[in-house]
Amino acid sequence: FGARRKRVERSDQNKLRSMSGVGSGYDLSVTTFSPEGRVFQVEYAGKAVDNGVAVVGVACKDGAILAVEKPEETKMMLPGSNRRIFTVAKHVGMAVPGKLPDGRQMVSRAQQEAENYKRFYGTTIPTKVLSDRLANYCHAFSLYWHLRPLGSAALTASYDDQGPHIYLSETNGVSYRYYGIAVGKGRQGIKTELERLKLGNLSCREALKIVCKCLIKQRDDTSNKKFEIELAWISDETNKQFVRVPKELAKESEDEAKKEIEQEDEDSDDMES
Amino acid sequence: EKGAMATGSGKMKEVLTGTTIMACTYDGGVVLGADSRTSSGNYVANKVADKITKVCDKVYLCRSGSAAHTQAVAGYANLYLNQHAIELGEKGVCVRSAANIVKEIAYTNKQWMNAGMIVAGWDKNEGGQVFVVPMGGTLMEVPFAVGGSGSIYINAFVDKNWKPKMTKSECKAFVRKAVSLAISRDGSSGGVIRTVTVDKDEQVKEFLPGNEVQVYHDEIQFSQGAQKVEFVKA
């Protein structure tokens, strides 16, 4: 029986080798290292995030913003379905790129961590602690053969006594704080845009439009498909509570962003001619 | 050792800190104060006890009730707060968190516990704070608090004489005066008066020796050295 299994495995490996070419047999389980010291299953889980919806988070002068750009999956779906931004605690919100069901697990865990922390320590959970705990949670999935890593990340926005924060907790178990970060499709372009800005000087309202602009620009516009931008923020204006950006303001930001992009396109067309 | 005397019936009495403890805020910090008598029935097991225990940096716990119970609570609080401090990093533990942990332990185990505690300290966000966790496991933030068997004799005194924004030396003198008044009336309180002062710059533990504790109402003054005996001529 053992011999037969080996033969079957090898033929599967051959198939995979021709398909991916990278893993070469060291990528069949999360408890296997490659000779270079890589754990491929964890890297593949990261690819689920990299090829998924675009999510942006920025920390401004007076608050922090999270934005998700969701392509319309089917015309029959109500707008506002499959939300990707959640409230973890009054002072903390989270956006989940990558696989949404996996992301929901992370949100649920974050909510429990925040509640337990409050119950035991009597104060709201500091964002660094929350994001570290979430990263440790993700990492645990890469230690056991019978589990698979989560195919999502957690982009956390918060505003506490130390100011606005944006943290990214990744599926491989790292967690960093950012001035601004983008994950998912088109992240490189968005990151380049964000690096140009002086985020510390921008107000949240100004940044809303800029974030919409980044998201719309990175879309592969040949498809002309419909999309929805989900926006949420936590700022002085919202009394340091994490809430969805009100519909009118969200629409206004999106429209202004679209207008600016059209204007830039026209200007560049003029220059070319 | 337990420090209890076997009485005629052979049963040991639990070691108690029938006590006077207090803590109060001043402008920029807190002062904690306590007597030093640990009694087991009528036997004074320790006449120089330290009832003010450090649970983490800049946060202290005054203990009254069962010595065993409160020492156990302090031990657990210290354990959890050390772990908490590591997780927080440079942020530093808040007094509120320390008090909440003490409260959780007291409340969850309320059936078995005989402990009235005061948590007080200083942190950089909220300054000096005092939290009282009486028996039963409530948690209250207060500007000043008194506890233990001796506290009943000085409730009115502290209510009347505490004022906000005292200076450090005013506050220390106030605490020492209050504890000495309780000692003069409560049989379970006595010995020395220990104080801990916590503010932004320091956390200082001091004690007032027994002979320097103020006495009232013709109490026998504690004297140092051999007593001079005068013989009356017949």
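Everything quoted here is computed from the prediction, not taken from an experiment. (Residues numbered from 1 in each chain as written. Chains lettered and ligands numbered in written order. Predicted model: local features only at pLDDT ≥ 70, side-chain atom pairs only at ≥ 80, totals over all residues. Heavy atoms only, no water.)

## So, the layout of surface pockets
Residue and element names in this part refer to chain A. The test is simple: Method remark: on a 1 Å grid restricted to protein atoms, a set of points is classed as a cavity if a 1.4 Å probe fits but cannot get out and as a pocket if it is open with protein on both sides within 12 Å along at least five of seven lines; lining residues have an atom within 4 Å of a point. Grid points are joined across faces, edges and corners, and a volume is the space filled by probe spheres set on the points. Elements are defined by DSSP. Helices are runs of H or I of four residues or more, strands are runs of E of two residues or more, and each kind is numbered from the N terminus. Any residue outside Ala, Val, Leu, Ile, Met, Phe, Trp, Tyr, Cys, Pro, Asp, Glu, Lys and Arg is labelled polar, Gly included; the first ten of those are nonpolar and the last four are charged.
In this model, the largest pocket occupies a volume close to 820 Å³. Lining the largest pocket we find 31 residues, and of these Lys 70, Pro 79, Gly 80, Glu 228 and Ile 229 sit closest to its centre. Residue assignment for the lining of the largest pocket shows that the elements contributing at least two residues are strand E2 (63–71), strand E9 (227–235) and helix H7 (247–272). Of all the elements, H7 adds the most residues to the lining of the largest pocket, at six residues. Split into classes, the residues belonging to the lining of the largest pocket amount to twelve nonpolar, four polar and 15 charged.

## Points about the packing of aromatic side chains
The cut-off we apply is this: A pair of Phe, Tyr and Trp rings is counted when the ring centres sit within 6.5 Å of each other, with Trp represented by its six-membered ring. The angle between the planes then sorts it: under 30 degrees is stacked, over 60 is edge-to-face, the rest tilted. For every residue, the accessible area obtained with a 1.4 Å probe (protein chains only) is divided by the maximum for its type, and the residue is called buried under 20%, exposed over 50%, and partly exposed between those limits.
Summed over all chains, the structure comprises eight aromatic pairs over all chains. Between the aromatic rings of Phe 120 of chain A and Tyr 80 of chain B, the centroid separation amounts to 5.3 Å while the plane-to-plane angle is 85°, which identifies the pairing as edge-to-face. Here Phe 120 of chain A is found in helix H3 (residues 100–121), whereas its partner Tyr 80 of chain B is found in helix H1 (residues 67–88) on a different chain. A relative accessible area of 25% means that Phe 120 of chain A is categorised as partly exposed.

## Notes on unusual backbone geometry
A positive phi angle is found at Lys 240 of chain A, which is not glycine, with a value near 60°. By secondary structure assignment, the location of Lys 240 of chain A is in the loop between E9 and strand E10 (243–244).

## Here's the deal with a nonpolar patch on the surface
Residue and element names in this part refer to chain A. We count it as follows: Residues enter patches when they are more than 30% accessible in relative terms and free of salt bridges; like-charged ones are connected within 9 Å and nonpolar ones (Val, Leu, Ile, Met, Phe, Trp, Tyr) within 5 Å. Surface accessibility follows the Shrake-Rupley procedure with a 1.4 Å probe radius. Residue values consider only the protein chains on display as shielding. The term salt bridge refers to a pairing of a side-chain nitrogen on Lys or Arg with a carboxyl oxygen on Asp or Glu at a separation within 4 Å.
There is a patch of nonpolar side chains on the surface, built from Leu 143, Tyr 144 and Leu 147 and spanning about 270 Å² of accessible area. Relative to the assigned elements, Tyr 144 resides in the loop between helix H4 (127–140) and strand E5 (154–160). Judged by relative accessible area, which is 42%, Tyr 144 ranks as partly exposed.

## Description of H1 of chain B
Residues and elements named next belong to chain B. Selection criterion: For a helix, the expected span equals 1.5 Å multiplied by the number of residues minus one. As used here, the arc belongs to the directions running from the helix axis to the C-beta atoms. Each polar contact in these results corresponds to two N or O atoms within 3.5 Å; when the atoms are within protein, one needs to be able to donate a hydrogen and the other to accept it, and residues that are neighboring in sequence are counted only if both atoms are side-chain atoms.
In a regular helix each residue adds 1.5 Å, so 22 residues correspond to 32 Å; H1 covers 31 Å between its end C-alpha atoms and thus fits that length. Of all the positions in H1, only Ala 67, Thr 70, Val 73, Ala 74, Ala 77, Leu 81, His 84 and Leu 88 are classed as buried. The buried residues of H1 occupy an angular sector of 120° when projected down its axis, which confines them to one face. You can read the cap of H1 off the contacts: a side-chain oxygen lies 3.3 Å from the backbone nitrogen of Ala 68, and it is on Ser 66.

## Some thoughts on the interface of chain A and chain B
The following threshold applies: Whether two residues are in contact is decided by their heavy atoms: any pair within 4.5 Å suffices. Accessible surface is computed with a 1.4 Å probe, and the buried area is the amount of it that two parts give up when combined, taken over both parts together.
Facing the twelve residues of chain A at the interface are twelve residues of chain B. Buried area between chain A and chain B, summed over both chains or domains, comes out near 1100 Å², and the portion from carbon and sulfur atoms is 56%. Inspection of the chain A/chain B interface yields one salt bridge. A salt bridge links Glu 87 of chain B to Arg 133 of chain A; the nearest nitrogen and oxygen atoms lie 2.7 Å apart.

## Regarding a negative patch on the surface
As a reminder of what qualifies: As used throughout, the charge tally considers Lys and Arg to be positive and Asp and Glu to be negative, leaving His and the chain termini uncounted. The atom standing in for a charge is NZ when the residue is Lys, CZ when it is Arg, CG when it is Asp and CD when it is Glu.
On the surface, a cluster of negative charge is made up of Glu 262, Asp 265, Glu 266, Asp 267, Asp 269, Asp 270 and Glu 272 of chain A. Note that Asp 269 of chain A resides in helix H7.

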